[in-house]
Amino acid sequence: MDTIEMTQQHIMSTYGRSNLVLESGNGATCEDAVKRKYIDFGSGIGTTSLGFCDPDWTDAVCAQVKKLQHTSNLFYHEPQAELAQMLCEMTGYSKVFYGNSGAEANECAIKLARKYSFDKYGKGRHTIITLVNSFHGRTLATLSATGQDVFHNFFFPFVEGFRYVKANDIEDLHANLDDSVCAIMVEYIQGEGGVKPLHAEFVAEIRRICDEKDILMIADEVQTGIGRTGKLLAGEHFGCKADVTTLAKGLAGGLPIGACLANEKCADVLDKGSHGSTFGGNPVACAGAVAVLKKMSQADMMQSIIEKSDYIRSQLAAIDEVSEVSGKGMMIGIALKTKNAADVLQECLKNGLLVLTAKDRVRLLPPLTIGMDEVTEGMKILCKVLEG
Ligand SMILES: *Cc1c(COP(=O)(O)O)cnc(C)c1O
């Protein structure tokens, strides 16, 4: 039996997969089982931020897996501590909690916000405002936080205490504020929702309200974080620092990790026994993340992300079929005039290019370290498909 048959027979069919079995990769190029090459403009949904098997990353991960692969969080180990120090230094946050995914990072943020409020104000101040069209994960609490009705099905009862406000609608935000609200949680650029950035005035108003009412602002930077938008955190584009920021996808270069960062105001809310994870902060994942952060702190890294992104965006803007190019840096949404995004994805695949979709848009999340040769080769295919 081949891989596809075995998968279909034995793995629950929760994913809409393309007919492609990937076997190996190098940089932004990967190969299938019959050695056909593909340029990768998807990064495993924004995760392989340094591309496939970056040599420095691979060395760090292999060295760690040969030294100490796991300890539990009942002991200390260096990669966890080193990563936490780097994260705090580079982002200005005070402390971190480690999980293994974006959903777990957001679960942590939700628990932290509710406990912050409980500790200070007692019971009843537990409502978390999120945005319509958001995406925060697949666990029950993060599904409940997700502001899309399609996700609020089958699994009743959902977690109570979430309220959805229209993105960029300051009036709707005010209308939903009351004494029960403990946090406002947003993606600066909605990823799964179609690569849709928030307006600067809306973000500023959220930050102002949170300061005024001692509500925690939570930024879900699971997709936008760690250089994806041409800044280490997307909040920098808005001159905004949330009280809590969550990270996951690109952080460890393709290994499972989630991180919930808290500022000085709420860094000590989650105390002994109040939260935990067996795998969270695993040494191998942390060693991978340290390698990613070292690359991100190289002097020309953000500049090179912006230059490549500018090139891709200018090429796309010249195509008649394209009605809008959204997002920031290497988080790129492409709105189409007549074509269907899912068809474009399949046509790109046939021609040797991996892209993503988000709602009715084509979405590109290329590896941040992609070479200019791979960018031009991938764009040749994409432009041909969009013009065809
Ligand atoms: C992908 C994503 C998540 C969920 O991450 P998982 O690792 O799949 O749990 C949460 N929030 C945002 C913004 C995401 O893009």
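> Which residues make up the site of the ligand, and what values do they have?
As a matter of local geometry, the ligand sits amid S101, G102, A103, N106, F135, H136, G137, E187, D220, V222, Q223 and K249. Here A103 contributes a backbone N or O atom positioned 2.8 Å from an oxygen atom of the ligand. Between a nitrogen atom of the ligand and a side-chain N or O atom of D220, the distance comes to 2.7 Å. Here the ligand loses 81% of its free accessible area of 390 Å² to cover by the protein chains. Sorting elements by how many residues they give to the shell around the ligand places helix 5 (residues 102-121) first, with three residues.

> For the packing of helix 3 (residues 55-67) against helix 9 (residues 283-296), give the residues involved together with the corresponding values.
The contact between helix 3 and helix 9 brings their axes to 8 Å, and the two run at 155 degrees. Compared by their axis directions, helix 3 and helix 9 come out roughly antiparallel. Relative to helix 9, helix 3 is oriented so that their crossing is right-handed. Mapping the contact onto sequence places D56, W57, A60, V61, Q64 and V65 in helix 3 and P283, V284, A287, G288, A291, V292 and K295 in helix 9.

> Tell me what's going on with the pattern of salt bridges, and back it up with residues and numbers.
Across all of its chains, the model carries 20 salt bridges by this definition. Here K95 makes a salt bridge to D268, at a shortest N to O gap of 2.6 Å. Of the two residues, K95 is situated in strand 4 (residues 95-99) and D268 in the loop between strand 12 (258-262) and helix 9; the sequence distance between them amounts to 173 residues. Residue K95 is classed as partly exposed on the basis of its relative accessible area, which comes to 42%. Notably, a salt bridge pairs K265 with D214, separated by 3.5 Å at the nearest N-O pair. Placement of the pair is K265 in the loop between strand 12 and helix 9 and D214 in the loop between helix 8 (200-213) and strand 10 (216-220), with a sequence separation of 51 residues. Under the relative-accessibility criterion, K265 is labelled partly exposed at 33%. Classification of D214 by relative accessible area gives buried; the value is 13%.

> Could you give an account of helix 11 (residues 341-350), with specific residues and numbers?
Along helix 11, the residues that are buried comprise A341, V344, L345, C348 and L349. Buried residues along helix 11 cover an arc of 135 degrees about the axis, so they all sit on one side. Across from the buried face of helix 11, at angles greater than 90 degrees, the exposed residues are D343 and K350. Each element contacted by the buried residues of helix 11 is listed here: strand 3 (37-40), strand 14 (331-336), strand 15 (353-354), strand 16 (356-358), strand 17 (361-364) and helix 12 (372-387). Where helix 11 begins, one side-chain oxygen reaches toward the backbone nitrogen of A342, 2.9 Å away; that side chain belongs to N340. Phi turns positive one or two residues past the end of helix 11, at G352, with a value near 95 degrees.

> Account for the sheet that holds strand 1 (residues 22-26), with residues named and values stated.
Strand order in the open sheet formed by four strands is 1-2-3-15, and the pairing between neighbours is mixed. The open sheet is flanked by strand 1 and strand 15, the only strands paired with a single partner. One ladder, built from two bridges, connects strand 3 with strand 15; its direction is parallel. When the sheet's bridge partners are listed, I39 is paired in strand 15 with L353.

Definitions and cut-offs
Residues numbered from 1 in each chain as written. Predicted model: local features only at pLDDT ≥ 70, side-chain atom pairs only at ≥ 80, totals over all residues. Heavy atoms only, no water. Near = heavy atom within 4 Å. Polar contact = N/O pair within 3.5 Å; in protein donor to acceptor, adjacent residues only side chain to side chain. Areas by Shrake-Rupley, 256 points an atom, 1.4 Å probe, with all protein chains shown as cover. Helix = DSSP H or I, 4+ residues; strand = E, 2+ residues; numbered from the N terminus. Axes fitted to C-alpha atoms, helices over the stretch in contact; angles between N-to-C directions. Parallel < 35°, antiparallel > 145°, perpendicular 65-115°, else oblique. Left-handed = near helix turned anticlockwise from the far one by under 90°. Contact = heavy atoms within 4.5 Å. Salt bridge = Lys/Arg side-chain N within 4 Å of Asp/Glu carboxyl O. Buried < 20%, exposed > 50% of the residue type's maximum accessible area, 1.4 Å probe, protein only. Arc of directions from axis to C-beta. Pairing = 2+ DSSP bridges.

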